[in-house]
Amino acid sequence: MKNVRFHAFTLLAGTAMALAPMATAGPAIAQDATVTNLQQINVEGDGNGEGVADVPAGVSTADREKIQERYAGDVMQVLRSAPGTFTREPADQPGITVNIRGMQGMGRVNSMIDGVPQTFNNLSGHGGTFDSLLYVEQNMLVGVDVTRGAVSGAEGMGTLAGAANFRTLDVDDVLLPGRDYGAMTSVRAGTNGFDYSRLVSGAVRAKMGEGEIGIVGALSDTKKSPYENGDGALYPNAGDQHPKSGLFKVNLSPNSDHTLSLGGIWYSNEFLPGSSGYNWIVENQTYTAKYRYQPGNDLIDLSINAYLNITDLEFDGTNGNVSTFDGRKGTNTTTGFDISNRMRFDLGEGTELKLTYGGAYSRDRYEGNAKRGANPDGTLVKAGVFSEATLSHGIFDLTGGLRYDYWSLEGISGYDAPGTNGCAAGGDPCPMETLSRDGGDLNPKVTLSARPLEWLQPYVTYAHTARPPTAAEMFYPGGHSFDGSSDPVNNNPNLMPEKSRGWEFGVNMTAVDLLTPGDSAWLKAATSTTASATTSPTTSTRTGRRAGST
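Residues numbered from 1 in each chain as written. Predicted model: local features only at pLDDT ≥ 70, side-chain atom pairs only at ≥ 80, totals over all residues. Heavy atoms only, no water.

Undergrad: Before we move on, could you go through the pairing of strand E7 (residues 162–168) and cite the residues and values that matter?
TA: Each regular strand carries side chains that alternate between the two faces of the sheet. The buried fraction of E7 is high, at 6 of 7 residues. Summarising the sheet, strand E4 (residues 109–113) and E7 pair through 5 bridges and their orientation is parallel. Looking at E7, one finds that Ile113 is bridged to Phe166. Here 7 bridges tie strand E6 (residues 141–148) to E7, and the two strands are oriented antiparallel to one another. Its bridge partner being in E7, Thr147 is matched across the sheet by Ala163. (Buried < 20%, exposed > 50% of the residue type's maximum accessible area, 1.4 Å probe, protein only. Helix = DSSP H or I, 4+ residues; strand = E, 2+ residues; numbered from the N terminus. Pairing = 2+ DSSP bridges.)

What follows is the structure, given as structure tokens:
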């Protein structure tokens with residue numbers, strides 16, 4: 001097997017050594033005795049942390065304590081602990097596929113790392129899957145946020161059933177309160193296949209003009225081996241892997257109005273899924289640039305985000321039973337950006353209006369070599385505009401949202417076998433004509449919530465969602481041999497978007513000083529009914545789904 005070299009380790013190790021001297025590099029800011037009258041500051045929750053109890057929607061969050069201490073970094077168990085959320089990966093596949101209310105894969109759920117969509121997939125073996133696979137090292141995680149149902153903003157573009165965002169280490173996750181520099185390490189060891197898991201991280205915060213600069217770097221790896229089942233038999237493939245990861249982030253705040261965050265996280269792993277028979281080498285890179293402008297008035301709260309994700313796959317070696325696709329190489333590249341602004345209006349007499357609007361763009365491109373098998377080359381472009389307004393008066397909140405999502409898909413219609421239709425004999429299959437399809441959908445969302453009692457908030461939501469077809473679905477290269485020969489299973493160039501219409505009825509309940517002074521408790525309960533449909537010019541498939549969450 002080829003040894004995977006992780007070049008980011010050297011870079012980050014050198015960066016970590018430079019953190020401590022920078023801690024005292026910032027100049028001191030002189031104290032001014034004059035009094036400054038500040039403008040009104042509005043603080044509101046966004047569904048993260050304990051604020052989920054006040055959000056009239058199916059949202060859940062897991063913080064670092066829950067991930068790393070309660071579940072020892074097992075992301076699968078973290079997701080399964082959330083209502084209406086599941087994963088279906090076997091132990092020999094470290095990629096994460098998020099299932100929300102029975103739906104997964106092909107963009108039905110937007111799975112993200114630090115807000116960046118992870119769209120890689122690779123069908124291999126009869127037990128394989130076209131589901132999107134997210135790769136992240138467990139020690140890097142500090143939070144997982146899940147939204148079930150229609151998703152607002154850029155994260156909801158082209159998404160059918162919900163979203164899950166995996167948040168990674170940042171400066172404040174390493175530094176103790178009041179500290180400007182520090183380090184954090186962790187080591188775990190176990191038995192029966194869990195060898196060890198290690199993390200070393202460092203962070204520094206220093207003054208920069210009227211603001212500050214923060215830097216964090218981290219290295220992590222986890223070693224797992226084949227485990228024994230209940231009968232004492234060694235399961236040869238499950239868990240045999242050694243993922244490695246590095247992280248680097250810089251947060252710049254020149255003053256209270258502007259914030260710029262730059263980040264990169266790298267992942268590398270090698271494993272042999274039993275269902276595939278081939279040894280997978282996966283390298284994933286995610287880069288982010290996030291800018292926010294908050295001048296302190298009610299009309300401007302601007303966010304601009306840009307991102308790049310690159311996932312490389314290589315088959316290098318097999319279990320000895322297969323060989324056809326050994327040497328497969330493929331690269332999935334995702335680029336995108338989004339921009340949004342939030343506004344607030346005081347309409348008087350206890351009435352307030354909150355308005356959020358913006359747009360987003362993303363481009364997914366997969367390119368493979370001649371041994372791509374069932375994974376076709378193709379490019380999916382998504383673009384959209386969205387708006388959402390919440391009118392609050394008395395005990396009632398009425399939220400109306402509207403989004404338009406456009407999509408464009410381009411790929412190869414099929415392949416000619418060597419020696420046919422002008423394709424040179426003895427070579428690789430030759431691509432046929434290029435096809436392109438596009439479309440768009442207008443999707444509304446309405447939520448009505450009330451708070452008749454301080455501790456009680458019932459709500460109801462009706463929403464439309466839609467997701468475009470993917471290159472894997474529309475340009476599937478056919479059947480089993482993928483050599484351009486005739487096959488009963490072929491692509492579907494006339495595939496249309498999958499659309500969903502659904503209701504959600506829920507209630508939030510909170511209490512303080514319930515049993516002892518200072519304690520708190522909350523409960524979220526909801527039921528949803530969703531009907532989805534996928535259509536082509538000659539066929540229509542409809543499914544009804546019902547799920548409950550608490």
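So much for the structure itself; the text now carries on.
Undergrad: Hey, could you go over a nonpolar patch on the surface for me, with residue numbers and the actual values?
TA: A grouping of Leu347, Leu391, Ile395, Phe396, Leu398, Val446 and Leu448 is seen on the molecular surface, where their side chains present a nonpolar patch of about 600 Å² in accessible area. Taken together, the elements giving at least two residues each to the nonpolar patch come down to strand E20 (396–412) and strand E23 (434–450). Inspection of the secondary structure assignment puts Leu347 in strand E17 (residues 329–348). (Patch = residues over 30% accessible without salt bridge, like charges linked within 9 Å, V, L, I, M, F, W, Y side chains within 5 Å. Areas by Shrake-Rupley, 256 points an atom, 1.4 Å probe, with all protein chains shown as cover. Salt bridge = Lys/Arg side-chain N within 4 Å of Asp/Glu carboxyl O.)

Undergrad: Go over the nonpolar core with me, naming the residues and quoting the values.
TA: Of all hydrophobic cores here, the largest spans 34 residues; its most connected members are Leu79, Ile96, Val98, Phe166 and Leu169. If you list the elements that add at least two residues to this core, you get helix H4 (75–80), strand E3 (98–100), E4, E6, E7, helix H5 (171–174), strand E9 (194–208) and strand E10 (211–224). Not counting residues up to four positions away in its chain, the partners in contact with Leu79 are Thr85, Thr87, Ile96, Val98, Val144, Val146 and Phe166. (Core = buried A, V, L, I, M, F, W, Y, C linked by side-chain atoms within 4.5 Å. Contact = heavy atoms within 4.5 Å.)

Undergrad: Residue-level account of the environment of Ser245, with values.
TA: Summarising the element assignment, Ser245 is placed in strand E13 (residues 244–253). The sequence separation of Ser245 and Ile265 amounts to 20 residues, and the corresponding C-alpha distance is 7.2 Å. Of note is the side chain of Ser245, whose polar atom sits 2.7 Å from the backbone oxygen of Trp266. (Polar contact = N/O pair within 3.5 Å; in protein donor to acceptor, adjacent residues only side chain to side chain.)

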